[in-house]
Amino acid sequence: MKILVCITHVPDTTAKIAFTDSNTKFDESGVQFIIGPYDDYALARAVELKAAHNGTVTVLNVGLANTEPTIRKALAIGADDAIRVNAAPTDSFFVASQIAAVAKDGNYDLILMGRESIDFNSGVVHALVGELLGLVSVSPVMKLEVKDGVAIMDREIEGGKQSVEIPLPFVAGCQEPIAEWKIPNMRGIMTARTKPLQVVEPVGAEEQVKLDQYSLPEAKGAVKIVQQDQIDDLVKMLQNEAKVL
Amino acid sequence: MSILVFIETDNGNVKKSSLEAVSYAHAIAAQNQGTVTALVLGKVEESQLGALGMAGASKILHADDTALDTPSIMAYASATAKIFNDTNSDLLILAQSALATPAGARTAVKVGAAMVSNVIEVPEVSGDSFKVKRGIFTGKAFETLTVTAPKKVLVVKKNAVEMKTDGGDATVEKVSVDISEGDFKLKVLETHKQEGDVLLPEAEIVVSGGRGLKGPENWGIIEELAGTLGAATGCSKPVSDMDWRPHHEHVGQTGIKVSPNLYIAVGISGAIQHLAGVNSSKCIVVINKDPEAPFFKAADYGVVGDAFEVLPKLTEAIKAVKS
Ligand SMILES: Cc1cc2nc3c(=O)[nH]c(=O)nc-3n(C[C@H](O)[C@H](O)[C@H](O)COP(=O)(O)OP(=O)(O)OC[C@H]3O[C@@H](n4cnc5c(N)ncnc54)[C@H](O)[C@@H]3O)c2cc1C
């Protein structure tokens, strides 16, 4: 079974978000970058499926050279080889086009990724890739089993979940609890250094959107503290001041 | 500008989020003498269609192909793409959901449109310039984009616009769509849905509990408050990790993102990953016994106190004003 796992290189979940260059560039100073948390789940499940089905896992990242430590981490977790498409991930259609171009000739049985990236939160790359390749796309997938060329999955829906069945190949956007996150061990880290990391140039994709600028939410006013024995006051404020009751 | 709005139904009922999407489309149309057409796929109660007109649609297209009665992302995308092209639309609007977001993305590829999701405001349109604002970094920031492609698909978040209820009558027209067997490759085996509850992503009010509730047996006080308010219930990640509550209630960076009018957090510390899922709520009330809990910094109102004492009092006080 050939599995392609697409990973993002994103600021740590606790990172402070700030911008430079008149709010047109993300301020990377002091920020630690990680594999996107949802992508990490996809990778963890891929590594398990690889062991169970005697498969291979290729990780793919669309990013400039600075994402290579993140890619090496994915190799240390258990991917066999990696591809980096040498381009900044500008928008979801651009990224999806790069993934589709790599996947087109790769004969992958499964194309897995996180349900969304935690930087741009578009949550649509799996669907775009599915459409570009003419494959079914499913998201967010919380459980994935493969048997005899058919996958059984649980996906989350509003207020519940749904079990679905699809023949391979397909594209899935993953989330917890599809697998336990894997932490690279020493051996993984050592072997990751020598695993192949291929760099390919991007295919042309039409530009659809242009960034004007980034902005931050307005600072919150101070919290109004209500005493435990004055709950009636709280209810009045919610009614008359906040107007939410 | 000719605007098509994808209407999501649930058991034949138009979802409220879709009425918001129509209101949103109407707000755009008002800027440039545009037209708003609502597209309904599959079974719908006729009595439901009136609300689409009131929300601002002037025309309703109904594809009542029975194959569309069961929701399918692929089939919905094929059907929507055909109607988008047939009606010469410039813009497709969808309300964010597990079904509509990916269906919108697939439609965008089919019709060659730009795709922008997580949109939080009505775009600024003047001449050929089309600017949208969307949430990024899980609600910790925003970006404003100029959409350069002529055709566009926007997926809007809840509360992006005030709901319109004073529109008029919309004409209803039956249409036929293109769907193929390939659109049904995905077979649904089973669906589990909590019936009758207010769904978390769409709720106006959310009451969430954290590890401070000590155990699943104590959730009665959360449910009672939620019941009184007509609210959905949510929880922090450890709570769903420990199986005190189902996964679809988990709110935050790696869970559901909510943007209700009122978010009440009880016994939740306010870790940055939890805040990421709730910071676009209009009003946040925090109940925590630790005055240093970080959640107080993100809150509008706070009660420093024991949840087990505060919650029953709050429920009683709300019952009193509601009666
Ligand atoms: C990559 C990553 C992603 C994550 N994603 C999410 C996410 O999506 N959502 C999420 O929630 N978390 C997420 N987390 C976890 C997050 O960091 C916190 O661990 C979690 O939010 C803490 O949950 P909690 O506030 O319920 O529990 P705790 O941090 O244990 O806080 C419990 C709170 O309850 C209060 N309390 C205790 N007893 C009472 C009482 N009787 N009355 C009132 N208050 C009381 C305490 O003072 C305390 O503030 C993520 C973490 C990581 C690393």
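Just so it is clear, the structure is predicted and the values come from calculations on it, not from any experiment.

K.L.:
Help me out: how do you make sense of the site of the ligand in this one?
P.N.:
Taken together, 28 residues form the shell around the ligand, and within it B:Ser236, B:Ser269, B:Gln273, B:His274 and B:Asn288 come nearest. Per-site note: the chains with residues close to the ligand are chains A and B. Residue B:Lys237 places a main-chain N or O atom 3.0 Å away from an oxygen atom belonging to the ligand. The contact in question runs from a nitrogen atom of the ligand to an N or O atom on the side chain of B:Asp306, over 3.1 Å. Alone, the ligand offers 990 Å² of accessible surface; in the complex the protein occludes 81% of this. Among the secondary structure elements, those contributing two or more residues to the shell around the ligand are helix H6 (237-241), helix H7 (272-275) and helix H9 (307-322) of chain B.

K.L.:
Explain the pairing of strand S15 (residues 232-235) of chain B here, please?
P.N.:
On any regular strand, side chains alternate: one points to one face of the sheet, the next to the other face. By the alternation rule, side chains of S15(B) split into B:Ala232 and B:Gly234 and B:Thr233 and B:Cys235, which are all buried. Handedness of the strand S14 (residues 205-209) of chain B-helix H5 (residues 220-229) of chain B-S15(B) crossover: right-handed.

K.L.:
Any chance you could explain the interface of chain B and chain A here in plain terms?
P.N.:
Interface size is commonly expressed as the accessible area that is lost once the parts come together. Contacts between chain B and chain A engage 84 residues on the former and 79 residues on the latter. With both sides pooled, the region where chain B packs onto chain A buries about 6800 Å², and carbon together with sulfur makes up 58% of that total. For the pair chain B and chain A, the interface holds seven salt bridges. With its nearest N and O atoms 2.8 Å apart, the salt bridge here joins A:Glu131 to B:Arg106. Taken together, the links from chain B to chain A amount to 44 residue pairs in polar contact (both at pLDDT 80 or more). By residue class, the composition of the side of chain B that touches chain A is 40 nonpolar, 23 polar and 21 charged.

K.L.:
Looking at this model, I keep getting lost on unusual backbone geometry. Mind explaining?
P.N.:
Only a minority of non-glycine residues have a phi that is not negative, and only a minority of peptide bonds are not trans. Residues and elements named next belong to chain A. Going from Leu 168 to Pro 169, the amide bond is cis rather than trans, its omega being -5 degrees. Tracing the backbone through its elements, the reader meets Pro 169 in the loop between strand S11 (160-167) and strand S12 (170-174). Positive phi, normally seen in glycine, also occurs at Asn 23, with a value near 60 degrees. You can see Asn 23 is positioned in the loop between strand S3 (19-20) and strand S4 (25-26). By relative accessible area, which is 31% here, Asn 23 ends up partly exposed. Unusually for a residue other than glycine, Lys 243 sits at a positive phi of about 55 degrees. Counting through the fold element by element, Lys 243 comes out in the segment after helix H6 (231-240). Exposure remark for Lys 243: the relative accessible area of 63% places this residue in the exposed category.

K.L.:
Help me understand helix H1 (residues 37-53) of chain A, please; the structure alone is not making it clear to me.
P.N.:
Residues and elements named next belong to chain A. Taking 1.5 Å of rise per residue, the 17 residues of H1 would be expected to cover 24 Å, and the 24 Å separating its terminal C-alpha atoms lies within 8% of that figure. Of all 17 residues making up H1, 13 are buried, and the element is well covered by its neighbours. Two residues or fewer after H1 comes Asn 54, characterised by a positive phi angle close to 55 degrees.

K.L.:
Just checking my understanding: could you explain the sheet that holds S14(B) for this structure?
P.N.:
What links the strands of a sheet is backbone hydrogen bonding, and the strands pair in either a parallel or an antiparallel sense. In spatial order, the strands read S15(A)-S18(B)-S17(B)-S16(B)-S14(B)-S15(B); together these six strands make up an open sheet with parallel pairing. In this open sheet, the two strands that pair with only one neighbour each are strand S15 (224-226) of chain A together with S15 of chain B. Pairwise comparison of adjacent strand axes, ignoring direction, gives a mean angle of 20 degrees for this sheet. One ladder, built from three bridges, connects S15(A) with strand S18 (residues 301-304) of chain B; its direction is parallel. Considered in S18(B), the bridge of A:Ile225 is made with B:Gly302. Packed on one face of the sheet, H6(A) meets S15 of chain A together with strand S16 (262-266), strand S17 (283-288) and S18 of chain B and runs near 170 degrees to S18(B).

K.L.:
Help me understand the UniProt feature "domain: Electron transfer flavoprotein alpha/beta-subunit N-terminal" (unreviewed entry) in chain A, please; the structure alone is not making it clear to me.
P.N.:
Here the UniProt-annotated "domain: Electron transfer flavoprotein alpha/beta-subunit N-terminal" (unreviewed entry) positions come out as residues 23-209 of chain A. The span residues 23-209 of chain A is 30% helical and 32% strand by assignment, and the distance between its end C-alpha atoms comes to 17 Å.

K.L.:
Mind showing me how you'd approach the side chain of B:Glu249 here?
P.N.:
Residue and element names in this part refer to chain B. Relative to the helices and strands, Glu 249 resides in the loop between H6 and S16. In terms of polar contacts, Glu 249 uses its side chain to reach the side chain of Arg 245, at 3.0 Å. Not counting chain neighbours up to four residues away, the residues in contact with Glu 249 comprise Gln 194, Leu 200, Thr 233, Gly 234 and Cys 235.

K.L.:
Which parts of the structure should I look at to understand the sheet that holds strand S13 (residues 197-200) of chain A?
P.N.:
Reading across from one edge, S13(A)-S7(A)-S6(A)-S1(A)-S8(A)-S12(A)-S9(A)-S10(A)-S11(A)-S13(B) is the order of the ten strands in this open sheet, with mixed pairing throughout. The sheet is open, and its two borders are formed by S13 of chain A together with strand S13 (187-193) of chain B, each paired with just one other strand. Across the sheet, the mean angle separating the axes of adjacent strands is 25 degrees when strand polarity is ignored. In this sheet, strand S6 (residues 56-62) of chain A lies alongside strand S1 (residues 2-6) of chain A in parallel orientation, the contact comprising five bridges. Bridge pairing links A:Leu4 to A:Thr58 in S6(A). Strands in contact with helix H3 (residues 92-104) of chain A are S1, S6, strand S7 (81-85) and strand S8 (110-114) of chain A; relative to S6(A), the strand with the most contacts, it is inclined by about 145 degrees.

The rules we used
- Residues numbered from 1 in each chain as written.
- Chains lettered and ligands numbered in written order.
- Predicted model: local features only at pLDDT ≥ 70, side-chain atom pairs only at ≥ 80, totals over all residues.
- Heavy atoms only, no water.
- Near = heavy atom within 4 Å.
- Polar contact = N/O pair within 3.5 Å; in protein donor to acceptor, adjacent residues only side chain to side chain.
- Areas by Shrake-Rupley, 256 points an atom, 1.4 Å probe, with all protein chains shown as cover.
- Helix = DSSP H or I, 4+ residues; strand = E, 2+ residues; numbered from the N terminus.
- Buried < 20%, exposed > 50% of the residue type's maximum accessible area, 1.4 Å probe, protein only.
- Right-handed = clockwise from strand over helix to strand, strands pointing away.
- Contact = heavy atoms within 4.5 Å.
- Buried area = accessible area lost by both parts, 1.4 Å probe.
- Salt bridge = Lys/Arg side-chain N within 4 Å of Asp/Glu carboxyl O.
- Nonpolar A, V, L, I, M, F, W, Y, C, P; charged D, E, K, R; others polar.
- Expected span 1.5 Å × (residues − 1).
- Pairing = 2+ DSSP bridges.
- Axes fitted to C-alpha atoms, helices over the stretch in contact; angles between N-to-C directions.
- UniProt positions renumbered as here; feature names shortened; annotations may be inferred.

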